[in-house]
Each structure stands twice: as C-alpha cells, then as structure tokens.
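What the coordinates show
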Amino acid sequence: PWQVVSTHLDYFGVNATSPITFASGDTITMNYKVPIQGWSSNVQMSNDTDTRLVDVVLTKSGTQSPGTGDVQITSWTATKDTHGGYASNAYVIPVSGDYDFTGNLAITPSATPTVGLGYKINGGSIVRVALRPVTNAALNVVSGATLIPNLKAGDSITFFSYLSGGTMTIQVDTVMTLARR
C-alpha cells in the first residue's frame, strides 16, 4: 500500500517475503538532493572572474606651478591605457582589485622645501606615497610606490603634489602608473 509521508510517497509492506515486482516496460524515476560543500549561488568560479590586465601610464603634458600644500596634478597624457579609463585629470578603475601605484614627481623648486607625492580615491583624504626634503634647487625626482588594495570598478583616482613652502615647477618628466595585480 502507498502512503503519503511528508512531501513524498512511500510504499510500505515491501520486505524479503513480499518484494516489489516489475513487469516489462515499467520504469522507476528517482530524484536526489545531494549537498556539495562549497557549491552555492555566492561562490565565484574562476571562469566568472575578470583576469584582464589593467595598466595605465600617465605622463605630465606641460609644466605646472602649484602653490603650497596639497595640489592636484593636472594635464596628463595617457601614454598607455589598456581600458581607456583616463579622462578629466582622473583615472577611473575599470576592474575591481588590488593595484600597484608608482609615481615619479619631477620638480624644480625655488628653494629647499619638503615635497611630497600622493593620491586621492573618490575625492577622499590624501594618501601620501612619498614625502621628503629637497636639498637643492636643481631638478629633483620624488618617487614612491605602494599597493592600493580593494579598489572597486568605478573608483576615481587623482594625483597630488605637496609643497611645504616656496614655489616649484612640476616638470614633464613626471610619471604616474597603476597596474592591477
């Protein structure tokens, strides 16, 4: 006899002396639910990830004479931009991930100030990558490198110089790079 048990039908009365018998053409259909650890809708498989290289090299086009304090560096030429993310003096992150940042700020100061290099993400606070005193008024290069973790697609990065006093000219040898790890 068939009996409804919870959400399925069970056939009771089957035992060694009263087995189920089948005739030619009979079929049995069985459905199984088997949980497999790690498989769910929130698991990202390797074929779902974006593994494209993201690389941008920005070179200063023309000189710039910023004032003291933190001043945005403007007028860049994208000499390499794999995703076309550079526009309006900012780079928009095309693919989420961790990025390596390097900067070489080529300057000619009027005296011997402290000079720095940094960036902002989405207009937030300045993150300084380099800060050092300049010991002569000749051409100097202030360099820095860092990892910028957890950038999201759509984040906007702008680059800044810092000058403690006096004046300086940012030269065309200034270069900023970002590369996704």
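The structure this text deals with has already been given above.
Read on for an overview of the structure.

1. Observations regarding the overall build of the protein
Helix and strand counts for the protein come out as 0 helices and 14 strands. Secondary structure elements of the protein occur, N-terminal to C-terminal, as β-β-β-β-β-β-β-β-β-β-β-β-β-β. Taken over 181 residues, the protein has a buried fraction of 28%. Of all intrachain contacts in the protein linking residues separated by at least 6 positions in sequence, the fraction that spans at least 24 positions is 71%.

2. Re a nonpolar patch on the surface
Residues Ile-20, Phe-22 and Ile-28 make up a contiguous nonpolar surface patch of about 320 Å² in total accessible area. Looking at the secondary structure, you find Ile-28 in the loop between strand 2 (8-11) and strand 3 (55-60).

3. Here's the deal with the pattern of salt bridges
According to the stated counting rule, one finds 3 salt bridges in the structure shown. Arg-128 is the salt-bridge partner of Asp-70, the closest N and O atoms lying 2.7 Å from each other. Note that Asp-70 is positioned in strand 4 (residues 69-72) and Arg-128 in strand 10 (residues 127-133), a separation of 58 residues in sequence. Judged by relative accessible area, Arg-128 falls into the partly exposed class, the value being 36%. Between Arg-181 and Asp-100 there is a salt bridge, with its nearest N and O atoms 2.9 Å apart.

4. A few points about the environment of Val-172
Mapped onto the elements, Val-172 comes out in the loop between strand 13 (168-170) and strand 14 (175-180). Here Val-172 falls in the partly exposed class, since its relative accessible area comes to 40%. Residue contacts for Val-172: discarding those within four places in its chain leaves Thr-59, Lys-60, Ser-61, Gly-62 and Thr-63.

Criteria and cut-off values
Residues numbered from 1 in each chain as written. Predicted model: local features only at pLDDT ≥ 70, side-chain atom pairs only at ≥ 80, totals over all residues. Heavy atoms only, no water. Helix = DSSP H or I, 4+ residues; strand = E, 2+ residues; numbered from the N terminus. Buried < 20%, exposed > 50% of the residue type's maximum accessible area, 1.4 Å probe, protein only. Contact = heavy atoms within 4.5 Å. Patch = residues over 30% accessible without salt bridge, like charges linked within 9 Å, V, L, I, M, F, W, Y side chains within 5 Å. Areas by Shrake-Rupley, 256 points an atom, 1.4 Å probe, with all protein chains shown as cover. Salt bridge = Lys/Arg side-chain N within 4 Å of Asp/Glu carboxyl O.

Any functional reading would require information beyond the geometric quantities listed.
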